[in-house]
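Residues per chain, in single letters:
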Amino acid sequence: MAWIDRYNLMEYYHMHMRPFRALLADLEQCGILVATNYLADVEVQARKDRVEHVATFKRWAAGEIGPDGLAMNLASLVQLSTFLFGGGANAKTQECMEAARVFKTPR
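In this text the structure is predicted, and so the values were computed from the model without any measurement.

Describing the overall build of the chain
Item 1. Of the regular secondary structure elements, the chain holds 4 helices and 0 strands.
Item 2. Relative to its length of 107 residues, the chain is extended, with a C-alpha radius of gyration of 19 Å against a globular reference of 13 Å.
Item 3. When the backbone C-alpha atoms are referred to their principal axes, the chain occupies close to 55 × 35 × 25 Å.
Item 4. When burial is assessed residue by residue, the chain has 10% of its 107 residues classed as buried.
Item 5. For the chain, contacts bridging at least 24 residues in sequence account for 12% of all contacts bridging at least 6.
Item 6. Summed over all atoms, the accessible surface of the chain reaches about 9,100 Å², with 60% contributed by carbon and sulfur.
Item 7. Treating the 12 positive side-chain charges of the chain as one cloud and the 12 negative ones as another, the clouds have centres 5 Å apart.

Structure (structure tokens):
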């Protein structure tokens, strides 16, 4: 997507999500009902989708690096960065990342 080349996620949040939040608040303030039940249902579905997508990603990672991919902590930026970009050079600083790292994971 074109916006990826120019913006990071924080800029995306400021450009799209904050105005959307303000819009919802303005609608409610003007007396226009926002379907909170619908939004709650969408949130439940999004959480279910996330569980499914995390499992799919971990299965793919396990296929790439072995069973350790199933134990990957997707909340760890260090683990994700090493897995996705390990051995590559930072485009801005030209500093190379470690090709591999060892992480302690509970089994």
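A few points about unusual backbone geometry
Item 1. Unlike most non-glycine residues, Q94 shows phi in positive territory, near 60°.
Item 2. In this structure Q94 comes out as exposed when scored by relative accessible area, which is 56%.

Let's talk about a nonpolar patch on the surface
Item 1. A grouping of M10, Y13, M17, F20 and L23 is seen on the molecular surface, where their side chains present a nonpolar patch of about 470 Å² in accessible area.
Item 2. Looking at where L23 falls in the secondary structure, it is placed in helix α2 (residues 9–29).

Here's the deal with α2
Item 1. The end-to-end C-alpha distance of α2, which contains 21 residues, comes to 29 Å, matching closely the 30 Å that a straight helix rising 1.5 Å per residue would cover.
Item 2. Approximately 30° is the largest bend angle found in α2, and it occurs at M15, with the proline P19 only one to four residues beyond.
Item 3. Where α2 begins, the side chain of N8 points an oxygen toward the backbone nitrogen of M10, at a separation of 3.0 Å.
Item 4. One or two positions beyond α2, positive phi appears at G31, with a value near 95°.

Topic: the environment of L24
Item 1. Here L24 shows up in helix α2.
Item 2. Distance in space between the C-alpha atoms of L24 and V34 is 7.0 Å, their sequence separation being 10 residues.

What about helix α3 (residues 36–65)?
Item 1. In a regular helix each residue adds 1.5 Å, so 30 residues correspond to 44 Å; α3 covers 42 Å between its end C-alpha atoms and thus fits that length.
Item 2. Where α3 terminates, the next one or two residues include G66, which has phi positive at roughly 95°.

With respect to the pattern of salt bridges
Item 1. Tallied over the entire structure, the rule returns 2 salt bridges.
Item 2. Across the salt bridge formed by E43 and R47, the nearest N and O atoms sit 2.8 Å from each other. Pair noted here: E43 and R47 are both in helix α3, with a separation of 4 residues, about one helical turn.
Item 3. Given the relative accessible area of 40%, E43 is considered partly exposed.
Item 4. Overall, the relative accessible area of 57% leaves R47 in the exposed class.

What counts, and at which threshold
Residues numbered from 1 in each chain as written. Predicted model: local features only at pLDDT ≥ 70, side-chain atom pairs only at ≥ 80, totals over all residues. Heavy atoms only, no water. Helix = DSSP H or I, 4+ residues; strand = E, 2+ residues; numbered from the N terminus. Rg over C-alpha atoms; globule rule 2.2 N^0.38 Å. Buried < 20%, exposed > 50% of the residue type's maximum accessible area, 1.4 Å probe, protein only. Contact = heavy atoms within 4.5 Å. Areas by Shrake-Rupley, 256 points an atom, 1.4 Å probe, with all protein chains shown as cover. Lys, Arg positive; Asp, Glu negative; His and termini not counted. Charge placed at Lys NZ, Arg CZ, Asp CG, Glu CD. Patch = residues over 30% accessible without salt bridge, like charges linked within 9 Å, V, L, I, M, F, W, Y side chains within 5 Å. Salt bridge = Lys/Arg side-chain N within 4 Å of Asp/Glu carboxyl O. Expected span 1.5 Å × (residues − 1). Bend = angle between axes of the 7 residues up to and from the residue. Polar contact = N/O pair within 3.5 Å; in protein donor to acceptor, adjacent residues only side chain to side chain.

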